[in-house]
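One-letter residues, chain by chain:
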Amino acid sequence: MVAHRGASDVSPEHTLAAYRRAVDAGADGLECDVRLTADGHLVCVHDRRIERTSNGRGVVSTMSLEELEAFDWGSWKNPWAELDDEAELPSPDLRKVLTLDELLATVRDAGRPVELAIETKHPTRYAGLVERRLIEALDRYGWAHPKVGTESPVRVMSFSWLSLRRMRVLAPGLRTVLLMDRVPLRFRDGSLPTGVSYAGPSLEIVTAHPEYVDRAQKHGHQVHVWTVNADADVRHCRDIGVDAIITDRPEAALKTLAEPAKAPVPTYTYPPRRRDRRQS
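Before going into details, it helps to say that this report is about the structure given with it.

Thresholds, definitions, all that
- Residues numbered from 1 in each chain as written.
- Predicted model: local features only at pLDDT ≥ 70, side-chain atom pairs only at ≥ 80, totals over all residues.
- Heavy atoms only, no water.
- Buried < 20%, exposed > 50% of the residue type's maximum accessible area, 1.4 Å probe, protein only.
- Helix = DSSP H or I, 4+ residues; strand = E, 2+ residues; numbered from the N terminus.
- Pairing = 2+ DSSP bridges.
- Right-handed = clockwise from strand over helix to strand, strands pointing away.
- Polar contact = N/O pair within 3.5 Å; in protein donor to acceptor, adjacent residues only side chain to side chain.
- Contact = heavy atoms within 4.5 Å.
- Core = buried A, V, L, I, M, F, W, Y, C linked by side-chain atoms within 4.5 Å.
- Axes fitted to C-alpha atoms, helices over the stretch in contact; angles between N-to-C directions.
- Parallel < 35°, antiparallel > 145°, perpendicular 65-115°, else oblique.
- Left-handed = near helix turned anticlockwise from the far one by under 90°.
- Nonpolar A, V, L, I, M, F, W, Y, C, P; charged D, E, K, R; others polar.
- Phe/Tyr/Trp six-rings, centres within 6.5 Å; stacked < 30°, edge-to-face > 60°.

So, on to the pairing of strand S5 (residues 154–158). Looking down a regular strand, the side chains alternate between one sheet face and the other. With 5 of 5 residues buried, S5 is to be regarded as a mostly interior element. Here S5 shows two buried faces, one formed by Val154, Val156 and Ser158 and the other by Arg155 and Met157. Relative to S5, strand S4 (residues 115–120) runs parallel, the two sharing 4 bridges. Across the sheet, isoleucine 118 pairs through a bridge with valine 156, a residue of S5. The parallel pair S4 and S5, bridged by helix H5 (residues 129–139), forms a crossover whose chirality is right-handed. Note that S5 and strand S6 (residues 175–180) share 4 bridges and pair parallel. Within S6, the position partnered with methionine 157 by the bridge is valine 177. As for the winding sense of the linkage, the β-α-β connection from S5 through helix H6 (residues 161–170) to S6 is right-handed.

Structure representation (structure tokens):
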């Protein structure tokens, strides 16, 4: 179970507080989006513009890290927090823009194995520089080029096959995930582009076409589904055998996954009914 932008259902997405809450809840992995600032820092921000998740205005790629740090990145989640006795107490972890380096350190210091799924956002004015900066950041933790027989805790996801191809060239030992909101015709048999490790279909895809999971797995690919929030959808993904779900609600998802799975309903194949000659 992977926490989408942290425990983003209850805490402001992409804040350190959201990720720490997800780790404390027992999430197997964390998910983040990364964008490159004008001065070359990777920050965990989903949108191209910052209006939705901060009190600032502008485009991430045109602003420096210092400029981004001047804004409040958490109050939008609960604008009435001062009047809410159950709201989380004000903290920099709730309101500060999060750099990828800070998130990597959080994973390293979690006290248990925690994986990190990093999504590169494209198109962007910096193109391949995003992937190069990402490799540099992972190298500082020894996670870009895992030794033979070991795996990095990090995998890289993208809707852009070009981005994943760059990652394959720069760090061939890293696992990659091709995100899909529709499955291209040539990959509907469960195959993926050369070098891609895992399939990342949307919930809508595996709801409409649950057989896709089996097809991908028969080609040797894990299936990681996004974004799975409703309890019924969590159960559906479990029952059709997906390898990982990506959810805004890690605490609730873990409770649902802990439920005993229902036994499959047996199916029977009956011999064809013999035709009565008298009805001919």
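Locating serine 61 in the fold gives a position in the loop between strand S3 (42–43) and helix H2 (65–69). Residue serine 61 is classed as buried on the basis of its relative accessible area, which comes to 11%. Separated by 2.9 Å, the side chains of serine 61 and arginine 125 make a polar contact. Not counting residues within four places of it along the chain, the set of residues in contact with serine 61 comprises Leu36, Thr37, Ala38, Arg125 and Tyr126.

Turning our eyes to something else, we now look at the environment of serine 163. Tracing the backbone through its elements, the reader meets serine 163 in helix H6. Measuring from C-alpha to C-alpha, the distance between serine 163 and proline 123 comes to 9.6 Å, with 40 residues separating the pair along the chain. When residues no more than four places from it in sequence are discounted, the contact partners of serine 163 are Thr120, His122, Glu131 and Ser158.

What follows concerns the environment of isoleucine 245. The topology assignment puts isoleucine 245 in strand S9 (residues 244–247). Judged by relative accessible area, which is 5%, isoleucine 245 ranks as buried. Taking the C-alpha atoms as reference points, isoleucine 245 and histidine 224, separated by 21 residues in sequence, lie 5.7 Å from one another. Ignoring any residue separated from it by four or fewer positions in sequence, one finds isoleucine 245 in contact with Met1, Val2, Val225, Val228, Val234, Cys237, Ala253 and Leu257.

Burial along strand S7 (residues 198–201) is two-sided: the face carrying Tyr198 and Gly200 and the face carrying Ala199 and Pro201 are both buried. With 4 bridges connecting them, S6 and S7 associate as parallel partners. Residue pairing across strands places methionine 180 opposite proline 201, the latter belonging to S7.

Right, let's get into the nonpolar core. As a rule of thumb, nonpolar side chains are buried together in soluble globular proteins. One finds Leu30, Cys32, Leu100, Leu104, Leu116, Ile118 and Leu138 to be the most contacted residues of the largest nonpolar core, which totals 58 residues. Once you skip the residues sitting within four places of it in the chain, leucine 138 turns out to touch Leu104, Ile118, Trp143, Ala144, Val154 and Leu174. Judged by nonpolar contacts, the second largest core, of 9 residues, contains Val43, Val45, Met63 and Trp73.

The axes of two packed helices give the description: the angle between them and the distance between them. Direction vectors running N to C along H5 and H6 enclose 40°, while the axes themselves pass 10 Å from each other. Put simply, H5 runs oblique to H6. Viewed along their axes, H5 and H6 form a crossing whose handedness is right-handed. Two secondary-structure elements touch here, H5 through Glu131, Arg132, Leu134 and Ile135 and H6 through Ser163, Arg166, Met167 and Leu170. For the contact of H5 with H6, a count of residues per class yields 4 nonpolar, 1 polar and 3 charged.

Let's shift gears to the packing of aromatic side chains. All chains considered together, the criterion is met by 2 aromatic pairs. When the ring of phenylalanine 159 is compared with that of tryptophan 226, the centres are 5.6 Å apart and the planes differ by 85°; the resulting orientation is edge-to-face. Here phenylalanine 159, found in the loop between S5 and H6, pairs with tryptophan 226, found in the loop between strand S8 (224–225) and helix H9 (231–239); they are 67 residues apart in sequence, far enough to count as distant.

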